[in-house]
Amino acid sequence: MNFQQLRSIRETARCGYNLTEVANVLFTSQPGVSRQIRELEEELGVDIFERNGKRLTGLTDPGRGILQIIDRLLLEAENLQRASREYAEQEIGTLAVATTHTQARYMLPKVVQAFRSAFPKVRIALQQSSPEHIAEWVLSGKSDIGIATEGLSQFEDLVSFPCYRWHHAIVVPEGHVLLDKSLVTLQDLAEYPLITYDLGFTGRSHIDDAFKNANLNTDIILTAMDSDVIQQYVALGLGIGLVASMALKQNGPNPGLKVIDGAHLFAENVTRLAVRRGAYLRSYTYDFIQLFAPELSRDDIDKAMRSGA
């Protein structure tokens, strides 16, 4: 039994039993992957995968249990490598942070700047994607940390921490009639074309839920991942923008636009930071987490990692 065999099993399950894709991930050949799988099955005396001819179609009942053990073994092997690097090179390495565009653009710059000052020899890899992909990257070990508003708390093998709360704001052109209202309602907003975030990004589900619960139909004419892009199209007069308050906190709205508070209309959002359950966190990873969420102590993080809370 060897680690290449274990990796072949794990990646085969992750890649939907597509051995060509597995070979690309492991930088080997498809026949090589097939051989590794077959040799481990022969050594264990059980079939790990179900087959239709030569094609793998799924996991057998024993295979599901074996895969869980393989995941733990490979995680501990990665932890061993991280621990050895921790003692050999305490302030040298790479920290991979997977996050959404909004977090990378508006919340992380000062954190990254402070971290780089404290750890000048640690490289930072910012990986931007959707919350779903962020979770997958942290689970697979491609990323050390995941930061997003939606989705991270739904994965059993991730330990996530609430970091800060925020709400959506309404952005309109200067002189818009909504600026004359003492309190804007959802009914008011539903009368105009809306411009906001893509599905699954930056609290979009809370926007949809608010209108749905009020039995109001909306005309969302344009969606984007970037708050600046949303504001740009509002400035062109295409509609009203619904953006994250964090995007307006530092620099205010784009020229020619005004902001209306939307905290009373949409549910509060919570941005969370997640790490993989059971992963070994290097010391500088704790420092990065505490820069992003100062209220979290190392003991808090370790306790949550142990308990899964």
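The preceding data block contains the structure.
Now for a quick tour of the structure. Each chain carries its own residue numbering, running from 1 in the direction its sequence is written. With the structure being a predicted model, the display of local features is reserved for residues of pLDDT at least 70 and the display and counting of side-chain atom pairs for 80 or more, all residues being used for whole-chain, interface and lining totals. As a rule here, side-chain values cover all heavy atoms of the structure and leave hydrogens and water aside.

## Re unusual backbone geometry
Point 1. The backbone phi angle of Tyr-17 is positive, close to 70°, even though this residue is not glycine.
Point 2. Tracing the chain through its elements places Tyr-17 in the loop between α1 (3-14) and α2 (19-26).
Point 3. You will see that Thr-202, though not glycine, has its phi angle at about 50°, which is positive. For helices the rule is a DSSP run of H or I covering at least 4 residues; for strands it is a run of E covering at least 2, with both sets numbered from the N terminus onward.

## Some details on helix α6 (residues 109-118)
Point 1. Accessibility here uses a 1.4 Å probe with only protein chains present; expressed as a share of the type maximum, an area under 20% marks a residue as buried, one over 50% as exposed, and anything in between as partly exposed. Considered for burial, the residues of α6 that qualify are Val-111, Val-112 and Phe-115. Burial along α6 is one-sided: seen end-on, the buried residues are contained in an arc of 95°. Away from the buried face of α6 by more than 90 degrees, exposed residues Lys-110, Gln-113 and Ser-117 are located.
Point 2. Here a residue-residue contact requires only that any non-hydrogen atoms of the pair lie within 4.5 Å. Where α6 is buried, its residues contact β3 (93-99), α5 (101-107), β4 (122-128) and α12 (283-292). By construction, the arc corresponds to the directions joining the helix axis to the C-beta atoms.

## What to know about the pairing of strand β10 (residues 240-244)
Point 1. Most of β10 is tucked away: 5 of the 5 residues are buried.
Point 2. Note on pairing: DSSP must find at least two bridges between two strands before they are called paired. Direction of pairing for strand β7 (residues 168-173) relative to β10: antiparallel, over a ladder of 4 bridges. Bridge assignment links Ala-169 to a residue of β10, and that residue is Val-243.

## Observations regarding the side chain of Asp-144
Point 1. Relative to the elements of secondary structure, Asp-144 occurs in the loop between α7 (131-140) and β5 (145-148).
Point 2. A relative accessible area of 13% means that Asp-144 is categorised as buried.
Point 3. Side-chain atoms alone can form a polar contact between residues adjacent in sequence; in general such a contact is a pair of N or O atoms within 3.5 Å, and within protein one must be able to donate a hydrogen while the other accepts it. Among the polar contacts listed, one links the side chain of Asp-144 to the backbone nitrogen of Ala-96, at a separation of 2.8 Å.
Point 4. Residues in contact with Asp-144, not counting those within four places in the same chain, are Arg-82, Thr-94, Leu-95, Ala-96, Val-138, Ala-274 and Val-275.

## Brief notes about the packing of aromatic side chains
Point 1. Whether two aromatic rings pair depends on their centres lying within 6.5 Å, for rings of Phe, Tyr and Trp, where Trp uses its six-membered ring; planes under 30 degrees apart make the pair stacked, over 60 edge-to-face, and the rest tilted. In the structure shown here, the tally under the stated rule is 7 aromatic pairs.
Point 2. Between Arg-298 and the ring centre of Tyr-286, over which it is positioned, the NZ or CZ distance is 3.9 Å. In this scheme, Lys NZ or Arg CZ marks a charge over a ring once it lies within 6 Å of the ring centre and within 35 degrees of the ring normal.

## Let's talk about a nonpolar patch on the surface
Point 1. Exposure above 30% relative accessible area and no salt bridge define the residues that can form patches, which grow by joining like charges within 9 Å and nonpolar side chains of Val, Leu, Ile, Met, Phe, Trp and Tyr within 5 Å. Using a 1.4 Å probe, accessible areas were evaluated by the Shrake-Rupley method; residue-level cover was limited to the displayed protein chains. Definition used for salt bridges: Asp or Glu carboxyl oxygen within 4 Å of a side-chain nitrogen of Lys or Arg. The grouping of Ile-221, Val-229, Tyr-233, Leu-236 and Leu-238 at the surface amounts to a nonpolar patch, some 410 Å² of accessible area in total.
Point 2. The exposure class assigned to Ile-221 is partly exposed, which follows from its relative accessible area of 40%.

## Topic: the sheet that holds β3
Point 1. Read from one edge to the other, the open sheet built from 5 strands follows the order β4-β3-β5-β12-β6, with strand pairing classed as mixed. Two strands close off the open sheet at either side, each with one partner strand: β4 and β6 (158-166). Pairwise comparison of adjacent strand axes, ignoring direction, gives a mean angle of 20° for this sheet.
Point 2. Where α12 meets the sheet, it contacts β3, β4, β5, β6 and β12 (269-276), and its direction lies at approximately 40° from that of β3. Axes, fitted as lines to C-alpha atoms, cover a helix only where it is in contact. Angles between the N-to-C directions of the axes lie from 0 to 180 degrees.

## Quick look at the packing of α2 against helix α3 (residues 30-44)
Point 1. At a closest axis distance of 8 Å, the pairing of α2 and α3 adopts a crossing angle of 95°. It follows from the interaxial angle that α2 and α3 lie roughly perpendicular. Within the contact between the two elements, α2 uses Leu-19, Thr-20, Val-22 and Ala-23 and α3 uses Gln-30, Val-33, Ser-34 and Ile-37. If an angle is under 35 degrees, it is roughly parallel; if it is over 145, roughly antiparallel; if it lies from 65 to 115, roughly perpendicular; otherwise it is oblique.

## Remarks on the side chain of Thr-100
Point 1. Considering the arrangement of structural elements, one finds Thr-100 in the loop between β3 and α5.
Point 2. Not counting the four nearest positions on each side in its chain, Thr-100 is found in contact with Ser-129, Pro-131, Ile-134, Ile-147 and Ala-148.

## Some details on the pattern of salt bridges
Once their charged atoms are close, side chains differing in charge can pair, the charge on each being opposite to the other.
Point 1. This structure, assessed with the given rule, holds 11 salt bridges.
Point 2. Of the charged contacts, one joins Arg-10 and Glu-11 as a salt bridge, the two residues approaching to 3.5 Å between their closest N and O atoms. Each member of the pair Arg-10 and Glu-11 is classed as buried.
Point 3. Residues Arg-35 and Glu-39 are paired through a salt bridge, measuring 4.0 Å at the closest nitrogen-oxygen approach. In this pair, Arg-35 and Glu-39 are both assigned in helix α3, 4 residues apart and thus about one turn of the helix distant.
Point 4. By sharing partners, the salt bridges in this structure join Arg-10, Glu-11, Arg-14, Glu-78 and Arg-276 into a single network.

## Focus on the pairing of strand β2 (residues 55-59)
Point 1. Where strand β1 (residues 49-52) and β2 come together, 4 bridges link them in antiparallel fashion. Of the residues in β2, the one forming a bridge with Glu-50 is Gly-58.
Point 2. Linking β1 back to β2 in an antiparallel pair, the connection comprises 2 residues, with Gly-53 at a positive phi of about 70°.

## Some remarks on the sheet that holds strand β8 (residues 193-197)
Point 1. Strand order in the open sheet formed by 5 strands is β9-β8-β10-β7-β11, and the pairing between neighbours is mixed. Two strands in the sheet have a free side with no partner beyond their single neighbour: β9 (219-224) and β11 (257-261). Strand-to-strand twist across the sheet, computed as the mean angle between neighbouring axes with direction ignored, equals 30°.
Point 2. Sheet analysis places β8 next to β9, joined by 5 bridges and oriented parallel. Paired with Tyr-197 across the two strands is Ala-224, which belongs to β9.
Point 3. Helix-sheet contacts for helix α9 (residues 204-213) involve β7, β8, β9 and β10, and the interaxial angle to β8 is about 145°.

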